[in-house]
Amino acid sequence: MSRLDWLNGLSLEDAQAEFLRCCGSRRWAEGMARARPFSRETSVYTEAGWLWSQTGPEDWKEAIAHHPRIGDISKLRERFKATSTWSEQEQKGVQGASEEVIQGLADGNREYEERFGFTFLICATGKSAAEILEQLRERLNNPPALEMRIAAGEQAQITRIRLEKLLTGP
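- As annotated in an unreviewed UniProt entry, the protein chain is 2-oxo-4-hydroxy-4-carboxy-5-ureidoimidazoline decarboxylase from Stigmatella aurantiaca.
- Its UniProt record gives the protein chain the following Catalytic activity (unreviewed entry) comment, quoted word for word: "5-hydroxy-2-oxo-4-ureido-2,5-dihydro-1H-imidazole-5-carboxylate + H(+) = (S)-allantoin + CO2".

Spelled out as C-alpha cells, the structure:
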C-alpha cells in the first residue's frame, strides 16, 4: 500500500492528526482531511497551498505555536513529541553551533517574542545556526503585519517539507 493510499484510508480524525503534524492550524488540518481522497501526491501539495492561502493571522499564530524555539532542543523533545524527529532534522544546522550563536538565538528569540507576540519561525532546513541568527536579527526590524506574513510564508515552506516526509516516511 502506498503512503498516499494509507493517508486516504485513514479516518477523518486520524487524518486530521497526521495533518496537524505537518501544520498546527486546526482549520487547515481539518480542510486537508476533508479534501481526501487525493488522486496523487501533487494534489496533496496543491490543496495544502490553496487551503493555507485561505487562512489568516489567527490560523498562522495557532500553527506557529506548534513549533519549538529555534535551538531549544530540550523543549522540542518534551513538548513537541509528535513532531520532534522532524523538528530535530529541520534544526540540524543549530547542533554544534558556538555558545555565542546559541546565546544570540536565545536572546533574539526572547526579543522577537516580546516584539511580535509569537515564536520566531523560519524554515531552518539547510540553514546554519549563524544564518538563522542573521535572519532573526534582520526580521526584528520588520513591522508586525509584515513579519506575520513572513512567518506564515515560512510555515508554508515547513508544511510542504513535512507533507513530503508524511508521504514518504514509514
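A few points about the pattern of salt bridges
Two side chains bearing opposite charge may form a pair once their charged atoms approach each other closely.
Stage number 1. A complete count under the given rule lists 6 salt bridges for this structure.
Stage number 2. Note that Glu18 and Arg21 form a salt bridge whose closest N and O atoms lie 2.8 Å from each other. With Glu18 and Arg21 both in helix 2 (residues 12–22) and 3 residues apart, this pair spans about one turn of that helix.
Stage number 3. Residue classification places Glu18 among the buried residues on the basis of a relative accessible area of 17%.

So, the packing of aromatic side chains
Stage number 1. Tallied over the entire structure, the rule returns 5 aromatic pairs.
Stage number 2. Aromatic pair Tyr112 and Phe116: ring centres 4.7 Å apart, planes at 55°, arrangement tilted. Of the two residues, Tyr112 and Phe116 are both situated in helix 8 (residues 99–116); the distance of 4 residues between them amounts to about one turn of the helix.
Stage number 3. Ring centres 5.6 Å apart and planes at 85° place the aromatic pair Tyr112 and Phe118 in the edge-to-face group. Phe118 matches Tyr112 in its accessibility class, with the two residues each being buried.
Stage number 4. Taken together, the aromatic side chains of Tyr112, Phe116, Phe118 and Phe120 make up a single cluster linked through ring pairs.
Stage number 5. Between the NZ or CZ atom of Arg3 and the centre of the ring of Trp6, over which it lies, the distance is 4.0 Å.
Stage number 6. Over the ring of Tyr45 we find Arg160, and its NZ or CZ is 3.7 Å from the ring centre.

About the cut-offs
Residues numbered from 1 in each chain as written. Predicted model: local features only at pLDDT ≥ 70, side-chain atom pairs only at ≥ 80, totals over all residues. Heavy atoms only, no water. UniProt positions renumbered as here; feature names shortened; annotations may be inferred. Salt bridge = Lys/Arg side-chain N within 4 Å of Asp/Glu carboxyl O. Helix = DSSP H or I, 4+ residues; strand = E, 2+ residues; numbered from the N terminus. Buried < 20%, exposed > 50% of the residue type's maximum accessible area, 1.4 Å probe, protein only. Phe/Tyr/Trp six-rings, centres within 6.5 Å; stacked < 30°, edge-to-face > 60°. Lys NZ or Arg CZ within 6 Å of the ring centre and 35° of its normal.

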